[in-house]
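Structural characterization, general
Given next are the chains, with one letter for each unit.
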Amino acid sequence: MSVDTTDRRLGARAPSRSQGHRHRRGGVSHARTGYLFVAPFMLVFLAMLILPLAYAAYLSLFQERLIGGTVFAGMGNYTRALTDPRLLHGVGRVGLFFLIQVPVMLVIALLAALAIDSGLLRIAKVFRLGIFLPYAVPSVVAALMWGYLYGRDFGPFAQLADKVGTAAPKFLTPDWMLGSLANVVTWEFTGYNMIILYAALRAVPHDLYEAAAVDGAGAIRTAWSIKIPALRPALLICVIFSVIGSFQLFNEPQLMQRLAPSVIDSGYTPNLYAYTLAFTGQEVNYAAAVSFLLGAVIVVASYAVLFITTRRSRV
């Protein structure tokens, strides 16, 4: 074979400079197209989240005074918030709410998901829809509905107690109020957590169930040894979501406040306290600092749950 023939064949195989340039230009154009698709989300994310947070952080560094107007306060609002008894009591109250309400809600959601996944329910679709349906109800409507049920003068429980001749249930008293709110939130979000757990159960390989059946494991043993351990990541997600939701509790106490103003004050929950400061007391700067501290509490609580769960799974 001659050298010229070899050179011609190699030249035919090797890409030219123009072809390589076109490939590079094609890659750049695809990258630009990707940026164009992402741009609307980034603009909305920047306008609706980043800029408001930056502005709130800016406001939290100032104070409004009768003499002197708006002055730079530095960390003064944060120092005040850390020693504010109403804020501290509100944080402790929602912490207690989390410890009481979340375990009950997750146990009910877990049992419902296991019951649906077992295949023993004849009306599994109706059962699943019935549990999930309260999540589709807006929290404001749910709070109004349960507020009517809790009513001491007009509620059905009070009317039934009056017909029976017993005292009406004290759902809206200081001793019962936290449990009444926990009942509303549990009714709202059990179906949401059930869907997450049920979706995780559907991803478990059926080979494990077949192996358990061969070993003679029953439904309860299979659920305890295979299904529940497989649900740990999903349960962790549910717990973290519940941490965020518990410390952001607002709609339910804000609406129940009208039924029991002597029980639920403006500092009953941190979110309600920040709202009252900003829109009733006109203390926008201090409300911004309270909101940022509440966000820090949520981050710390979520990280603590994640750390404890991860450490136990490793052990």
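All values derive from a computational prediction rather than experimental measurement.

1. Details of the nonpolar core
Within the largest apolar cluster, 29 residues are counted, with the highest numbers of intra-cluster contacts made by Leu-106, Ala-113, Met-194, Leu-197, Val-239, Val-243 and Phe-247. Elements represented by at least two residues in this core include exactly helix 4 (85-118), helix 8 (177-202), helix 11 (232-247) and helix 14 (284-314). At 11 residues, helix 4 tops the list of elements feeding residues into this core. The contact partners of Val-239, leaving out residues within four places of it in the chain, are Phe-98, Leu-106 and Val-305.

2. Examining unusual backbone geometry
Its identity is not glycine, yet Gln-282 carries a phi of approximately 55 degrees, on the positive side. Tracing the backbone through its elements, the reader meets Gln-282 in the loop between helix 13 (270-279) and helix 14.

3. Considering the layout of surface pockets
There is about 440 Å³ of room inside the second largest pocket. What lines the second largest pocket is a set of 22 residues, among which Val-185, Phe-189, Phe-241, Gly-245 and Ser-246 lie closest to the centre. Among the residues forming the lining of the second largest pocket, the class breakdown is 12 nonpolar, eight polar and two charged.

4. Considering the confidence of the model for the protein chain
Confidence in the prediction of the protein chain, expressed as mean pLDDT, is 86, and 90% of residues score 70 or more. Here residues 6-12 is a poorly scored stretch, pLDDT under 50, and it has two contacts once near neighbours within four places are set aside; other chains count.

Rules and cut-offs
- Residues numbered from 1 in each chain as written.
- Predicted model: local features only at pLDDT ≥ 70, side-chain atom pairs only at ≥ 80, totals over all residues.
- Heavy atoms only, no water.
- Core = buried A, V, L, I, M, F, W, Y, C linked by side-chain atoms within 4.5 Å.
- Buried < 20%, exposed > 50% of the residue type's maximum accessible area, 1.4 Å probe, protein only.
- Helix = DSSP H or I, 4+ residues; strand = E, 2+ residues; numbered from the N terminus.
- Contact = heavy atoms within 4.5 Å.
- 1 Å grid on protein atoms, 1.4 Å probe; cavity = no way out; pocket = protein on both sides within 12 Å on 5 of 7 lines; lining within 4 Å.
- Points joined across faces, edges and corners; volume = space filled by probe spheres on them.
- Nonpolar A, V, L, I, M, F, W, Y, C, P; charged D, E, K, R; others polar.
- pLDDT = per-residue confidence, 0-100.

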